Amino acid sequence: MKGKQQSSINFKVILICSFFLLLFFLVMRSTFSNSQNSSKISEPNPTTKCPSHSCTKISASLANALVHYATSNITPQQTFKEISVSLKVLQKKSPCNFLVFGLGHDSLMWTSLNHGGRTVFLEEDESWIQQIKAQNPSLESYHVVYNTKLTEADELHDVGMQEHCKVVSDPRKSKCQLALKGFPGEVYDVEWDLIMVDAPTGYFDGAPGRMSAVYTAGLMARNRANGDTDVFVHDVDRAVEDRFSKSFLCEGYLVEQEGRIRHFNIPSHTSRLGTPFCPH
């Protein structure tokens, strides 16, 4: 058993290191490409040299992430293929505004992948916030409270299907019972380019469940002034995540599913008056 356990740990470390080496390669390639494009535009003096410390230096967040995951036996909660779904979008949109429901062992990774952007985490367990931030004090996270229970899922789904829940507005002004109104004000004031729903807890009857989180993520996406928001829902193998993501993020907005993660792309509804809640 001990030999098998050590082998499993070594495999996880190798997998994570490989992932971040790939990320490092992509970052360096992007930096080199941007440098070439910039030089073509500005046509600098060919004798000008960049300072040696800035030519090859990687970001502090990426460096911390590489060290953290290479030296830890604790792996992110998503698989490599599941993470790759979000990574493809981040490669196109970062630096951007990224809102994550949930704070965990993968939080440093998300912050690093969105280097230069703003990544905010919403977490239900205050003691867990302190534990994670003790290891990574730079993470921006907020304690939030959910007033639902997983046992209420069917009732809340019926509520969400009513017409007043299909009115697009700031969640704080919504009349829908599913809309979350207790977040810090700045969460509502930012237009989020990516939203990841990987919390709150949803695997036992007394847990809050992700009913309101999924609905509110969709409402925030629709309520932005213009553009679109990529919304990811994890654990769609579970009944609530499966049903609520299809109903309130809409199958018509579904881009892809890989394993337990589902990716939706939701356009602004405020810039297109008359847009139905879900596309026909």
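Preceding this section is the structure that the text describes.
Residues numbered from 1 in each chain as written. Predicted model: local features only at pLDDT ≥ 70, side-chain atom pairs only at ≥ 80, totals over all residues. Heavy atoms only, no water.

(A) A look at helix H9 (residues 211-223). The end-to-end C-alpha distance of H9, which contains 13 residues, comes to 19 Å, matching closely the 18 Å that a straight helix rising 1.5 Å per residue would cover. The buried count for H9 comes to 12 of 13 residues, which makes it a mostly enclosed element. All of the buried residues in H9 are Met211, Ser212, Ala213, Val214, Tyr215, Thr216, Ala217, Gly218, Leu219, Met220, Ala221 and Arg222. (Helix = DSSP H or I, 4+ residues; strand = E, 2+ residues; numbered from the N terminus. Expected span 1.5 Å × (residues − 1). Buried < 20%, exposed > 50% of the residue type's maximum accessible area, 1.4 Å probe, protein only.)

(B) Structural view of the state of the cysteines. Under the counting rule described, the total for this entry stands at two disulfides. A disulfide bridge connects Cys165 with Cys176, and the sulfur atoms are separated by 2.0 Å. Note on the Cys165 and Cys176 pair: the S-S dihedral is about 90 degrees, so by sign convention the disulfide is right-handed. With Cys165 in the loop between helix H7 (153-160) and helix H8 (185-189) and Cys176 in the loop between H7 and H8, this pair connects stretches of sequence that are 11 residues apart. Comparing Cys165 with Cys176, the two get one shared label, buried. The residue that forms a disulfide with Cys250 is Cys278, at a sulfur-sulfur distance of 1.9 Å. Note on the Cys250 and Cys278 pair: the S-S dihedral is about -70 degrees, so by sign convention the disulfide is left-handed. (Disulfide = S-S within 2.5 Å.)

(C) Geometry of the sheet that holds strand E1 (residues 97-101). Spatially, E3-E2-E1-E4-E5-E7-E6 is the arrangement adopted by the seven strands of the open sheet, whose pairing is mixed. Edge strands, defined here as strands with exactly one partner in the open sheet, are strand E3 (140-143) and strand E6 (254-258). For this sheet the average axis-to-axis angle between neighbouring strands, irrespective of direction, equals 15 degrees. Sheet topology places E1 next to strand E4 (residues 194-197); four bridges connect them, and they run parallel. In the strand pairing of E4, Leu99 is matched with Ile195. Contacts from helix H10 (residues 239-250) reach strand E5 (228-234), E6 and strand E7 (261-267) within the one sheet, and its direction differs from that of E7 by about 15 degrees. (Pairing = 2+ DSSP bridges. Axes fitted to C-alpha atoms, helices over the stretch in contact; angles between N-to-C directions. Contact = heavy atoms within 4.5 Å.)

(D) Structural view of the packing of H9 against H10. Where H9 meets H10, the axes come as close as 9 Å, and the angle between the chain directions of the two elements is 20 degrees. Comparing the axis directions of H9 and H10 gives the class roughly parallel. As H9 runs across H10, the sense of the crossing is right-handed. Residues Met211, Val214, Tyr215, Gly218 and Arg222 of H9 lie in contact with H10, whose contacting residues are Val240, Phe244, Ser245, Phe248, Leu249 and Cys250. (Parallel < 35°, antiparallel > 145°, perpendicular 65-115°, else oblique. Left-handed = near helix turned anticlockwise from the far one by under 90°.)

(E) Main features of unusual backbone geometry. Along the chain, Ser94 connects to Pro95 via a cis peptide bond; the corresponding omega equals 0 degrees. Tracing the backbone shows Pro95 in the loop between helix H4 (80-93) and E1. Of note, the bond from Ala199 into Pro200 is cis; its omega dihedral lies within 30 degrees of zero at 0 degrees. In the Ramachandran plot, Asp235 falls in the positive-phi region, its phi being about 70 degrees despite a non-glycine side chain.

(F) View of the layout of surface pockets. The calculated volume of the second largest pocket comes to roughly 380 Å³. Along the wall of the second largest pocket there are 26 residues; nearest its centre are Gln77, Leu103, Asp198, Ala199 and Arg210. Among the elements of the structure, E1 and helix H5 (107-113) are those that each provide at least two residues to the lining of the second largest pocket. Each residue belonging to the lining of the second largest pocket can be placed in one class, and the counts come to nine nonpolar, eight polar and nine charged. (1 Å grid on protein atoms, 1.4 Å probe; cavity = no way out; pocket = protein on both sides within 12 Å on 5 of 7 lines; lining within 4 Å. Points joined across faces, edges and corners; volume = space filled by probe spheres on them. Nonpolar A, V, L, I, M, F, W, Y, C, P; charged D, E, K, R; others polar.)

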